[in-house]
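Geometric and topological summary
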Amino acid sequence: MRKILKNEGVQAFAASILCILLGMLVGYIALLFINPSGAGEAIMDLIKNFFNLNNPAKQLQRFGNTVAKTIPLLMCSLSILFSYKVGLFNIGAAGQYCIGVCASLYAALQWHWGWLPCMLLAIVAGGIAGALVGILKAAFNVNEVISGIMLNWIILYFTNIVLTKVKEVASPYTGYLNDLNPKALLPNAGLDRFFNGNQYITIALPIALIVTIVIWIILNKTKLGYELKATGFNSKAAKYCGMAEKRNLILSLVISGALAGLGASLLYQTGYMRWECTAASVPGMGFNGIATAFLGGLSPIGAIFSSYFIQHIADGGAYVDKTVYCSQISDFISSVIIYFCGFVFFIKYLMNTALAKKNKKDTNANKEGGEN
Amino acid sequence: MDTPYAIEMLNITKRFPGIIANDNITLQLKKGEIHALLGENGAGKSTLMSVLFGLYQPEEGIIKKDGVEVSIKNPNDANALGIGMVHQHFKLVECFNVLDNIILGVEDTKNGFLQKKEARKKVMALSERYGLSIDPDAIIEDITIGMQQRTEILKMLYRDNEILIFDEPTAVLTPQEIDELMQIMKNLAKEGKSILFISHKLEEIMKVADRCSVLRKGKYIGTVETKDTTMEELSAMMVGRNVNFHVAKEEKTPGDVVLDVENMVVASEGHKMDAVKNVSFKVRGGEIVCIAGIDGNGQRELVEGITGLLPLKSGKLTLLNKDITKESIRHRNKMGMSHIPEDRHKHGLVLDYSLEDNLILERYFEPEFTNKAGFLRRKNIRNYANKIIEQYDVRSGQGPVTIARSMSGGNQQKAIIGREIDKNPELLVAVQPTRGLDVGAIEYIHKQLVAQRDAGKAVLMVSYELEEVMDVSDRILVLYEGEIVGELDPKKTTEEELGLYMAGAKRDEVKA
Amino acid sequence: MTLLIQYTLIFASVLLLVALGGCVSEHSGVINLGLEGIMVIGAVGGALTMRALGTSVPAVVMIIVVMLVAIVCGILYSALLGVACINFKADQTIIGTALNMLGVAGATVLVKAINTAANPNDVSSEIQYVDQRAMFIKSIGKFEFNWFMVAAVVALIIVHVFLYKTKYGLRLMACGEHPQAADSVGISVYKMRWMGVLMSGALGGLGGICYIMAGVSLWKFENGVAGFGFLALAVMIFGQWKPRRIALVALLFGFFRALSNVYVGFEFLYKLNIPAGIYNMMPYIVSLVVLALSSKHSHAPKAEGVPYDKGQR
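Since the model is a prediction, treat every value here as computed from it, not as a measurement.

1. Notes on helix α3 (residues 39-48) of chain A
Residue and element names in this part refer to chain A. The set of residues buried in α3 consists of Ala39, Ala42, Ile43, Asp45 and Leu46. The buried residues of α3 occupy an angular sector of 155° when projected down its axis, which confines them to one face. Buried-residue contacts for α3 involve α2 (8-34), α14 (300-316) and α15 (329-341). Trailing α3 by a residue or two, Asn49 shows a phi angle of about 50°, which is positive.

Structure, rendered in structure tokens:
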């Protein structure tokens, strides 16, 4: 039993569950303040999401919608955790996601490219945006959080300017891919059948899973991962042993940005979303990626589950009683969850000291004492 | 109650997870005396002083001040009892001036505003009285280590402390500054202050202390009057046996030049002046060249310039007849340079990595450990790690998968040394390779260095310990303010002469 | 022209207030990346107060009460940062980010709940304060003088005097530079850091309400404060953590922000026919350039961002 509790993964899982419960609790309390009578029901609606519907076919369809939106979130989450392994907090993922939207939609609507080139362009655009943050950090020592935020806003206005050229005349939205350039839509490859014909389920799903596994492999099995993690843990030691720390820093942000850009393409090229050219802020996807990255214990595999969970309650927000509550309650809950994720190290520390204390009582500590 | 003792620490026991740092220790400090506390690194001196200063709470034992039992829960309590401490690493705010540092924590205010006039007067008076000659407006980062130490002393005097603790105060000073400090300490004692002087340097203790208490491995060994004892006796008390400090090594004629440093200049990171100024020297195969000097005279920059961590401002580096001035760290490694860094936690190890991952830190990219597709070859890494662990006797809880952070300092250092020596380097740069280690580990490491030399390899060592410099090296280069001021043969020189060079009091034109 | 000066001054006031907040916090050793969220909370507190007070109270009361509420809201919210980063040694970046997101989400939920409660058909996150805003403004010819400008100047003087002339300022800065040194002379590092964080909360909250009243009379809380908290951090870095320099830099940044509001009024700018988005980008681009120029040799407090652990010496 103790061995299980000592396992890193188990601890991370337990800590995440605790964060979620605390987040839910705070959300529930907030709902109580707004209107005590329906709070319990509202929180249940949130958790139930598509189970609120009573038709299994409809449920499956809506489940598909949540999955479609989980995919970009998962990519953003990978983006955050990948750079975090190198010791960088890529809050610019939100902007890199945004430039991915800009690139893929513009290529699709203005140049009428096929789905693959559009997707590649989004990846490249995200990668370049990431590289900018990396170069500013490596060459000028600019804090990546501040430069990331600045770039987010620059990219937002840039995207608005660019996509205004391909927007519908009558609305602030970009046109429908279905009508204007169906070949830019990602192929369904028959996957929609598993979700009751949900057209937004495309090859994005297998692509996302493959990318996740690839990222896991890079981090854990390869030379590159070994270098990047060493840099993240101790950049001075990395430099000492001859790793090109600045190159690694930029490289990790390029990959990080490319992941965010890919995420944008995997959502917008399903036709699920259109861009609003008067948008006043970058999409929250990149920020929610922070929540899911930490909630998933900074593991790519964990991110799959945490991304689904966060997206699940985000969509669940649509089912709360709008005459009393608002759907942003799910944003509220996920930001509370991130807040508690900040305590994860403390929670793990508590677990470990509790275990150590027990250990000591049972057996005498081995001789390997530290000098400190 | 009338008692001759200012402070008594009776039967103090302090445990940390895994070790007993202080085991039933008794220390009695008489009023107006200078009392030395002697012991090796890790003997428990610092822990004991931290207990006295309220930084740690002992599990057992009591502390008495003037014969009355007191409880010291934090530095404030210690301060209120008139106990002050000059820490080994100064506790000074570098961007503040001297005066602000002195008054910090005990500031005078009027209507909430700082009043510095009175404080300045008092500081100047104290400075004069004890011969400290200090400028209250100087910024800490601009003044010498010696002056910084005086600021620390003034901090205690300004608070009217009666019991003054000096934690290894001479480690960072030049011999001249040490003499001055000794004089200051004697003045203080004459004025009725009681002084606790922590050191592992026998000579200083004999010179300045009235009595000396010795600790060894957390245990109290005894207290002696310095006038009734000898250095040999103290040394035996400290280490528990008469150790032969001398490292056995045979005569050897140096071979070809391995490292050639020509007119090397390295910029200083914080200051305008260069840290290394036009330094030239050679290291040959089969010799141990030691860079001696007081900490902070450009040693760090010299080493980082050679190993590639810092760029050279000008000059030329040649390794095995190849110009490496502009080469990357990786390339220098591949060419046969190994580096045992000064700070094993900062540079030498990735503490959150396992031992095996740390052992391949400089070789992970080699075909043995990474295949063509870029994947790590875990099996080979494990085998290699096991080999090093066995060969260099690196002990750890779980072998190759132990997280480096959880290992003891000595074993961490052994792992680094194994890693660096196993590369079979032509040039081994070892900076303070024995810092903070116990006698056994020191002997082991010295033997390894000599073995390298005997195998015909070049060794460049940096050390701040005179004894180590004299024992291990074949040739000594003294670095003072970024310049080489002397080249000495350890067999023909004395520690005193070396000290004069280190203090800049003596210098030759060196053409190495 | 008058308009440009007016907007420059008011945006500079916002940046100055918030940057001073960041400055005090960082001098104590805590990087406050949550200023953005603190601004939102201060803004929502102030805006709701304006709505509650209506238009019947005298201007003096309105000004004082609204400012005080914004300050108190900022202080309370920043306590979340303090608990996490000082007492629990949490990662300051994660917590700051969480607070930014929580600020927007929390304010939106709150305002929507209040709006919906008042009128079931109203699901917006907007608050209007046309008449209330007028009370903060004194027109001098064409120039609209705003009491927040005074608040910013007062804050500048207070922070400067606090840091350099009082013992708490001295102690606070010692905690950001060398907490072990502060601890060794009996200063409670935790207390000082709490002080820094709460002061930054007060200034951030005040800056928040100032921001949403700078140019408009209604605010949609879903939009947050458009990265102004981070712009303020850029101002602080370029100002090298020194209050007086920060004030000058705030004016510079304020000018670029003001341009995007009033460029239409300048014929030659208008004729260039540059999209509005370019002007909107300006402050962010300027700050990136400025950061690139000034971050290499930064004068940041040495111990900032490092949680203080009494056990580690």
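2. Observations concerning the nonpolar core
For soluble globular proteins, the rule of thumb is that nonpolar side chains tend to be buried together. Counting residues in hydrophobic clusters, the biggest one holds 277 residues, and the most contacted among them are Trp275 of chain A, Phe166 of chain B together with Tyr211, Ile212 and Phe221 of chain C. Tyr240 and Cys241 of chain A together with Ile329 and Tyr384 of chain B belong to the second largest nonpolar core, which has 58 residues in total.

3. Re the sheet that holds strand β14 (residues 274-284) of chain B
Residues and elements named next belong to chain B. Pairing within the open sheet is antiparallel, and its four strands lie in the order β14-β13-β16-β17. Looking at the sheet topology across the chains shown, the edges are occupied by β14 and β17 (322-323). Bridging between strand β13 (residues 257-267) and β14 involves seven bridges; their strand directions are antiparallel. If you follow Met264 over to β14, its bridge partner there is Val279.

4. Brief notes about the interface of chain C and chain B
Often the size quoted for an interface is simply the accessible area lost on bringing the parts together. The interface is formed by 20 residues belonging to chain C together with 26 residues belonging to chain B. Between chain C and chain B lies a buried interface of about 1,900 Å² when both sides are counted; carbon and sulfur atoms form 63% of it. Counting the contacts that link chain C with chain B gives two salt bridges. Notably, a salt bridge pairs Glu94 of chain B with Lys302 of chain C, separated by 4.0 Å at the nearest N-O pair.

5. Observations regarding the pattern of salt bridges
All names here are of chain B. Within the structure shown, the criterion is met by 46 salt bridges over all chains. Here Asp23 and Lys219 are joined by a salt bridge, their closest N and O atoms 3.6 Å apart. On the criterion of sequence distance, the pair formed by Asp23 in strand β2 (residues 19-30) and Lys219 in strand β12 (residues 219-225) is long-range, its members being 196 residues apart. In this structure, Glu362 and Lys423 form a salt bridge, with 3.6 Å as the shortest nitrogen-oxygen distance. Here Glu362, found in the loop between α12 (355-359) and α13 (378-391), pairs with Lys423, found in the loop between α14 (409-422) and β19 (427-431); they are 61 residues apart in sequence, far enough to count as distant. One network of salt bridges, with partners in common, ties together Glu356, Asp357, Arg378 and Arg382.

6. So, the confidence of the model for chain A
Parts of the prediction with low pLDDT should not have their coordinates interpreted in detail. The predicted model of chain A has a mean per-residue pLDDT of 87, with 94% of residues at 70 or higher. Between residues 363-372 of chain A, whose pLDDT stays under 50, and residues either more than four places distant or in other chains, the model counts 16 contacts.

7. A word on empty space enclosed by the protein
To find the voids left in a structure, one rolls a probe of water-molecule size over its atoms. Applying the stated criterion to the full structure yields five cavities of 30 Å³ or more. In this model, the largest cavity occupies a volume close to 140 Å³. Lining the largest cavity are 15 residues, with Phe53, Met85 and Lys155 of chain B together with Ser184 and Val185 of chain C positioned closest to its centre. Within the lining of the largest cavity, the residues separate by chemical class into six nonpolar, five polar and four charged.

The rules behind these values
Residues numbered from 1 in each chain as written. Chains lettered and ligands numbered in written order. Predicted model: local features only at pLDDT ≥ 70, side-chain atom pairs only at ≥ 80, totals over all residues. Heavy atoms only, no water. Buried < 20%, exposed > 50% of the residue type's maximum accessible area, 1.4 Å probe, protein only. Helix = DSSP H or I, 4+ residues; strand = E, 2+ residues; numbered from the N terminus. Arc of directions from axis to C-beta. Contact = heavy atoms within 4.5 Å. Core = buried A, V, L, I, M, F, W, Y, C linked by side-chain atoms within 4.5 Å. Pairing = 2+ DSSP bridges. Buried area = accessible area lost by both parts, 1.4 Å probe. Salt bridge = Lys/Arg side-chain N within 4 Å of Asp/Glu carboxyl O. pLDDT = per-residue confidence, 0-100. 1 Å grid on protein atoms, 1.4 Å probe; cavity = no way out; pocket = protein on both sides within 12 Å on 5 of 7 lines; lining within 4 Å. Points joined across faces, edges and corners; volume = space filled by probe spheres on them. Nonpolar A, V, L, I, M, F, W, Y, C, P; charged D, E, K, R; others polar.

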